[in-house]
Amino acid sequence: MSTLLIKNARLVATFDDANPAQARELSHASVFVRDKLIESIGASADLPQHADEVIDARGHLVVPGLVNTHHHMYQSLTRAIPGVQNAELFSWLHGLYPIWAGLTPEMVQVSTQVAMAELLMSGCTTSSDHLYIYPNGVRLDDSIEAARQIGMRFTASRGSMSVGQSQGGLPPDRVVENEDVILKDTQRLIETHHDASLAAMVQVAVAPCSPFSVSRTLMRESALLARHYKVRLHTHLAENDHDVAYSLEKFNCTPSQYAQDLGWLGPDVWHAHCVKLDDEGISLFAATRTGVAHCPCSNMRLASGIAPVRKMLDAGVPVGLGVDGSASNDAAHMVNEARQAMLLARLGRSLQPPTSDISGKTFFGCDLGPAEMTARDALTVATRGGAQVLGRQDIGHLAPGMCADMALFDLGTLAFAGGAVHDPLGALLLCASPQAAYTIVNGQVVVREGRLATLELQPLIARHNQLALQLAEAAC
């Protein structure tokens with residue numbers, strides 16, 4: 001069994017309590033790993049001084065590996081595509097569906113590795129991916145193989161679209177699938193790849209794309225299939241006003257009522273976005289422990305709105321963080337995503353009318369009380385929250401017996417100048433978003449001294465760029 005020692009860190013932030021104020025933050029501490037699991041955390045003098053590999057973490061911040069709960073990794077091929085840079089969700093999709101129809105298995109594999117490299121280098125150790133379009137022989141297996149090669153912990157979501165434009169759906173008919181084929185392939189993927197054991201590196205989720213691209217029958221059958229195999233369920237819900245209007249017109253109900261009617265509420269379900277989740281929906285989600293993947297950058301990029309995250313958290317809704325597709329975010333930097341979640345929550349609060357006068361609590365109508373979301377709140381969502389949303393009890397915080405998933409940030413870099421001397425953990429989000437110095441997944445170093453350790457990055461980027469041009473030009 002191999003051992004790893006993270007030695008003499010300036011600060012180890014464990015996030016070992018759901019309340020950030022109660023979580024341990026250990027100065028001048030070490031973490032000792034045996035094989036895939038954390039064996040001990042504590043004062044450097046109290047832990048073993050030797051291991052098969054020792055990382056000198058002096059001047060570094062150690063945090064749990066960040067958890068990305070929503071992504072479309074193939075979309076990294078269509079970043080910054082002209083014509084949809086200023087579009088909202090439905091127009092954006094209309095512009096991109098014809099391009100995505102040209103995807104090939106190699107494109108999916110290469111784009112998955114590019115997206116994962118970006119995540120890993122920002123301190124993310126676990127990611128889900130929602131692949132819902134399967135042209136030209138593309139299979140979810142292509143993404144799973146890419147994850148195994150690069151070394152990322154992965155929840156592979158078998159997405160699907162079955163209702164094309166001729167049936168009142170949003171996607172073109174040529175990119176939708178037969179529902180029997182969808183269900184059969186989903187069963188195959190679960191039986192072939194899903195691992196329910198401790199420290200599993202690959203899990204499979206069942207993920208019809210959205211209310212405007214699949215039938216109610218497929219939603220119901222997918223829920224039955226997932227619960228038979230005890231795997232998780234994922235889809236998009238209440239992403240913007242058009243999404244809500246579609247549900248009201250087509251189904252005569254709100255998005256949360258739609259989910260409730262089809263069996264898509266429960267602790268084994270998580271929905272992406274939920275920007276327009278109303279009070280009734282928040283109550284339903286809280287009562288059933290249904291999760292939400294909050295995607296702040298994408299929601300801003302597509303002008304979808306500000307998700308009521310603080311209200312969700314206060315009600316008891318499990319909330320994780322998601323970068324969403326690289327064509328609706330154009331980045332996959334998890335520290336920056338957490339920073340944007342913190343800032344957007346504060347902006348959302350500022351848009352509410354003042355509730356008191358200048359009596360010591362406010363000044364000219366501006367609340368001087370606690371922030372809507374602190375840096376530690378946002379990092380809790382990005383770690384523990386993401387683990388909860390993905391149904392993982394073995395990741396998301398640092399403690400003996402947990403998976404050895406960690407990110408180390410060098411506090412001596414320019415991004416932390418003047419901030420880390422006061423509050424290293426707060427500076428991670430309040431200052432410029434840094435790259436990770438080290439990222440460790442399942443006890444293995446996959447980013448070392450700021451460089452990807454599992455694949456040659458430059459040839460991967462070069463091939464990715466060739467494929468991105470090829471995909472766009474083929475659609476012209």
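To start, this report covers the structure provided alongside it. Quantities reported herein were computed from a predicted structural model and do not represent experimental measurements.

1. Things to note about unusual backbone geometry
The general pattern is negative phi for most residues beyond glycine and trans for most peptide bonds.
1) Next: For asparagine 252, which is not glycine, the phi torsion reads 60 degrees and is therefore positive.
2) Next: Locating asparagine 252 in the fold gives a position in the loop between α6 (241-251) and α7 (255-261).
3) Next: Positive phi, normally seen in glycine, also occurs at cysteine 274, with a value near 55 degrees.
4) Next: Its location among the elements puts cysteine 274 in the loop between β11 (269-273) and α8 (279-288).

2. Here's the deal with the pattern of salt bridges
Should their charged atoms come close, side chains of opposite charge can pair.
1) Next: Taken as a whole and judged by the stated rule, the model has 23 salt bridges.
2) Next: With its nearest N and O atoms 2.5 Å apart, the salt bridge here joins glutamate 53 to arginine 448. Within this pair, whereas glutamate 53 is found in strand β4 (residues 53-56), its partner arginine 448 is found in strand β18 (residues 444-448), the two being separated by 395 residues in sequence.
3) Next: Classification of arginine 448 by relative accessible area gives partly exposed; the value is 34%.

3. Remarks on the packing of helix α2 (residues 105-120) against helix α3 (residues 140-150)
1) Next: Contact pair α2 / α3: the axes reach a minimum separation of 8 Å and the direction vectors enclose 40 degrees. Comparing the axis directions of α2 and α3 gives the class oblique. At the point where α2 passes α3, the crossing takes the right-handed sense. Side by side, α2 and α3 meet where Pro105, Val108, Gln109, Thr112, Gln113, Met116, Ala117 and Leu120 of the first sit next to Asp142, Ser143, Glu145, Ala146, Ala147, Gln149 and Ile150 of the second.
2) Next: The class makeup of the residues in the contact of α2 with α3 is 8 nonpolar, 5 polar and 2 charged.

4. A few points about α2
What sets the pattern is the α-helix's 3.6 residues per turn: residues three or four places apart point alike.
1) Next: Between its first and last C-alpha atoms α2 spans 22 Å; for 16 residues at 1.5 Å apiece the expected length is 22 Å, and the two agree.
2) Next: Among the 16 residues that make up α2, 12 are buried, leaving the element largely enclosed by the rest of the structure.
3) Next: Among all positions in α2, only Met107, Val108, Val110, Ser111, Thr112, Gln113, Val114, Ala115, Met116, Ala117, Leu119 and Leu120 are buried.

5. Quick look at helix α1 (residues 89-100)
1) Next: Over its 12 residues, α1 runs 15 Å from end to end, which matches the ideal 16 Å to within 8%, given 1.5 Å per residue.
2) Next: Next to the buried residues of α1 lie α6, α9 (296-301) and α14 (457-474).
3) Next: The N-capping residue of α1, defined by a side-chain oxygen 3.1 Å from the backbone nitrogen of phenylalanine 90, is glutamate 88.

Definitions and cut-offs
Residues numbered from 1 in each chain as written. Predicted model: local features only at pLDDT ≥ 70, side-chain atom pairs only at ≥ 80, totals over all residues. Heavy atoms only, no water. Helix = DSSP H or I, 4+ residues; strand = E, 2+ residues; numbered from the N terminus. Salt bridge = Lys/Arg side-chain N within 4 Å of Asp/Glu carboxyl O. Buried < 20%, exposed > 50% of the residue type's maximum accessible area, 1.4 Å probe, protein only. Axes fitted to C-alpha atoms, helices over the stretch in contact; angles between N-to-C directions. Parallel < 35°, antiparallel > 145°, perpendicular 65-115°, else oblique. Left-handed = near helix turned anticlockwise from the far one by under 90°. Contact = heavy atoms within 4.5 Å. Nonpolar A, V, L, I, M, F, W, Y, C, P; charged D, E, K, R; others polar. Expected span 1.5 Å × (residues − 1). Polar contact = N/O pair within 3.5 Å; in protein donor to acceptor, adjacent residues only side chain to side chain.

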